[in-house]
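One-letter residues, chain by chain:
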Amino acid sequence: MRPDLRIELGGGAVLRPFTTDDAEALFRVIDANRTRLARWFHWVDDSTDASSQAAWMDSRSGDQRSLDANGIWVGDELAGGCDLVIAGTDDSGELGFWLDEAFVGRGLATRASQALINRCFESEGLHRVQLRAGVDNLRSRAVAKRLNMREEGVLRGAGKVGGGLYVDLVIYGQIVDEWRMTVRS
Amino acid sequence: MNPIRWDLGEGLIVRTYLAGDAQELFDLIDANRERLRPWMIWEPQTRSVADSLAFIQRSTSSATDMEGNGVWLDGVLIAGVGLGIDTMSNSGEIGYWIDGGHEGKGIVTRVCQRFFDFAFDELGLHRMELQAATDNARSRAIAERLGMTQEGVARDGIRVAAGYLDSVSYAILEDEWRARRVPA
């Protein structure tokens, strides 16, 4: 995570990394959305209280390369999360996001994702960004399309979700050259 | 992770690298540079025995991954195999390379089969993946012999010395692997 990251997303929305002061708010939003989120994310099962969220934030602080553990804030309200994890030697980043149900449908995931993609191509030297979304997660897949990412395949049983289940994931990719064309148009 | 040591018979031993293997590992990479360079970014990054030693130390100190394993034939190192483990998705990724003088004999396939048994039976993984550059026909043939399914192509997904290569994603699921092992 990058403690000093802060990106204005328009309409009073801001993307910034979580701090341990946010642990209680993060737990409350996850807890309120538990059933929705568990369809797509196994980490919901690990969210048991505010201190489990603080421990997760702490575990991410050692990775200073990734643009991850970010919250999307609308005013003082936590609306969701958006991450771009950078690992390995392939100059590739992995995008991920989730939203509180009350904030779905406002374009927040798309704007936050676009902001992180812009950042990683403009100043982090990445060559490729990818996103993996549950085959049936139509909202996430719609975000990938709005970001002009290209569908590249279906990874069978590659997503572990809540309750010890697995789902097929569609993989989307965007290469820096395609991003330049997208930004220009 | 705990070190492994498997005797596959016919003089083949697979085991986790030890610090004392650094010279032999470096020498084998050095002898195969031209063959490795098109596919493996770590080839140009391996310039000295110290680099191989650093790789061995880094890979064997990981709490989850098992990236540093060698294959010995009659006491001579001939290949390397890495197993990466993603605890979040309960899946693994295998990677391999072999000395030019020993390819074409099915050795990598046999070693991968043992790794898959290990991954599914002992680690309890749900899925094993393999990434191969689109043009790496030999690597892709191994994936196919192992019964893996081609699932997609991550465009420019692999960085190598010359730039970026499209990466074919292969995978096999636990139940598919078990079904293959049981004769029909």
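See the structure printed just above.
In this report, we go over the structure that sits alongside the text. (Residues numbered from 1 in each chain as written. Chains lettered and ligands numbered in written order. Predicted model: local features only at pLDDT ≥ 70, side-chain atom pairs only at ≥ 80, totals over all residues. Heavy atoms only, no water.)

**Things to note about the overall build of chain A**
The following threshold applies: Helix and strand definitions here come from DSSP, where helices need a minimum of 4 consecutive H or I residues and strands a minimum of 2 consecutive E residues; each element is numbered from the N-terminal end. The globule rule is 2.2 Å times the number of residues to the power 0.38, and the radius of gyration it is compared with is taken over C-alpha atoms. Here the term buried applies to any residue with accessible area under 20% of the maximum for its type, exposed to any over 50%, and partly exposed to those in between, with areas from a 1.4 Å probe on protein chains only. Contacts were defined at the residue level, with two residues in contact if any of their heavy atoms lie within 4.5 Å. Where accessible areas are quoted, they stem from the Shrake-Rupley method and a 1.4 Å probe; at the residue level, only the protein chains shown are allowed to cover. Charge assignment: positive for Lys and Arg, negative for Asp and Glu; neither His nor the chain ends contribute. Charged side chains are reduced to one point each, which is NZ for Lys, CZ for Arg, CG for Asp and CD for Glu.
If you tally the helices and strands in chain A, you get six helices and eight strands. Walking chain A from its N terminus toward its C terminus, one meets helices and strands in the order β-β-α-α-α-β-β-β-α-β-α-β-β-α. Computed over its C-alpha atoms, the radius of gyration of chain A comes to 16 Å, within 12% of the 16 Å expected for a compact globule of 185 residues. Principal-axis analysis of the C-alpha atoms places the extent of chain A at approximately 45 × 35 × 35 Å. Buried residues in chain A amount to 53% of all 185 residues. When contacts within chain A are restricted to residue pairs at least 6 apart in sequence, long-range pairs at least 24 apart make up 60% of them. Summing over all exposed atoms, chain A offers an accessible surface of approximately 8500 Å²; the carbon and sulfur share of this is 49%. Distance between charge centres in chain A, computed from 23 positive and 28 negative side chains, equals 6 Å.

**Here we look at the interface of chain B and chain A**
Heads up, the condition is: Once two parts are joined, some of their accessible surface, as seen by a 1.4 Å probe, is lost; buried area is that loss totalled over both. A pair is scored as a salt bridge if a Lys or Arg side-chain nitrogen falls within 4 Å of a carboxyl oxygen belonging to Asp or Glu. Between N or O atoms, a polar contact is any pair within 3.5 Å; within protein, one atom must be a potential hydrogen donor and the other a potential acceptor, and residues adjacent in sequence are included only when both atoms are from side chains.
Taken residue by residue, the interface counts 22 residues in chain B and 20 residues in chain A. Summed over both sides, the interface between chain B and chain A buries roughly 1900 Å², with carbon and sulfur atoms accounting for 42% of that surface. Residues E176 of chain B and R156 of chain A are paired through a salt bridge, measuring 2.5 Å at the closest nitrogen-oxygen approach. For the pair chain B and chain A, the number of links is 16 residue pairs in polar contact (both at pLDDT 80 or more).

**Examining the pairing of strand β8 (residues 163-173) of chain B**
All names here are of chain B. We count it as follows: DSSP-based pairing: two strands are paired if at least 2 bridges between them are found.
Bridge count between strand β6 (residues 127-133) and β8: seven bridges; the pairing is antiparallel. Within the sheet, the bridge partner assigned to Q131 lies in β8 and is S169. Here strand β7 (residues 149-160) pairs with β8 via eight bridges, running antiparallel. Residue R159 lies in a different strand from β8, and its bridge partner there is Y164. As consecutive antiparallel partners, β7 and β8 are separated by two residues.

**Some points on the packing of helix α1 (residues 23-32) of chain A against helix α3 (residues 50-60) of chain A**
Residues and elements named next belong to chain A. Put simply, the test is: The angle between two axes is taken between their N-to-C directions and runs from 0 to 180 degrees, where each axis is a line fitted to C-alpha atoms and a helix contributes only its stretch in contact. Angles are sorted into four bins: roughly parallel if under 35 degrees, roughly antiparallel if over 145, roughly perpendicular if 65 to 115, and oblique for all others. The crossing is said to be left-handed when, going from far helix to near helix, the turn is anticlockwise and less than a right angle, and right-handed when the turn is clockwise. Residues are grouped as follows: Ala, Val, Leu, Ile, Met, Phe, Trp, Tyr, Cys and Pro are nonpolar; Asp, Glu, Lys and Arg are charged; every other residue, Gly included, is polar.
In contact at an axis separation of 8 Å, α1 and α3 are set at 115° when each is read in the N-to-C sense. As summarised for this structure, α1 and α3 are arranged roughly perpendicular, according to the angle between their axes. Classified by chirality, the crossing of α3 by α1 is right-handed. On α3, the residues touching A23, E24, L26, F27 and I30 of α1 are A50, Q53, A54, W56 and M57. Here the residues of the contact of α1 with α3 sort into eight nonpolar, one polar and one charged.

**Focus: the pairing of strand β6 (residues 128-134) of chain A**
Residues and elements named next belong to chain A. With six of seven residues buried, β6 is to be regarded as a mostly interior element. Here four bridges tie strand β5 (residues 92-99) to β6, and the two strands are oriented parallel to one another. Bridge pairing links S92 to R128 in β6. Alignment of β6 against strand β8 (residues 165-175), held across seven bridges, turns out to be antiparallel. Counterpart to R128 in the pairing with β8 is I175.

**Quick word on the packing of helix α5 (residues 107-122) of chain B against helix α7 (residues 174-181) of chain B**
Residues and elements named next belong to chain B. Remark: α5 packs on α7, axes separated minimally by 11 Å, with the N-to-C direction vectors making an angle of 125°. With respect to α7, the axis of α5 lies oblique. When the axes of α5 and α7 are compared, the crossing they make is left-handed. Within the contact between the two elements, α5 uses Q113, F116, D117, F120 and D121 and α7 uses E174, W177, R178 and R181. Its residues assigned to classes, the contact of α5 with α7 shows three nonpolar, one polar and five charged.

**Considerations on the packing of aromatic side chains**
In plain terms, the rule: Paired rings are identified among Phe, Tyr and Trp, the last through its six-membered ring, by centres lying within 6.5 Å, and are further divided according to the angle between planes into stacked (under 30 degrees), edge-to-face (over 60) and tilted (the rest). A positively charged side chain is recorded as over a ring if its NZ (Lys) or CZ (Arg) lies within 6 Å of the ring centre. The angle to the ring normal must also be within 35 degrees.
The tally for this structure, following the rule as stated, stands at twelve aromatic pairs over all chains. Taking 6.1 Å as the distance between ring centres and 65° as the angle between the ring planes, the aromatic pair formed by F18 of chain A and W56 of chain A counts as edge-to-face. One end of the pair, F18 of chain A, is in the loop between β2 (13-17) and α1; the other, W56 of chain A, is in helix α3, and 38 residues separate them in sequence. Taking the relative accessible area as the measure of exposure, F18 of chain A reaches 4% and is therefore buried. Both rings, one in W6 of chain B and one in F115 of chain B, keep their centres 4.8 Å apart while their planes meet at 75°; by these two values the pair is edge-to-face. Residue W6 of chain B is located in strand β1 (residues 5-9), and its partner F115 of chain B is located in helix α5; the two are separated by 109 residues in the primary sequence. F115 of chain B matches W6 of chain B in its accessibility class, with the two residues each being buried. Members of the aromatic cluster, joined through ring pairs, are F18, W56 and W73 of chain A. We note R15 of chain B situated over the ring of W72 of chain B; from NZ or CZ to the ring centre the distance is 3.9 Å.

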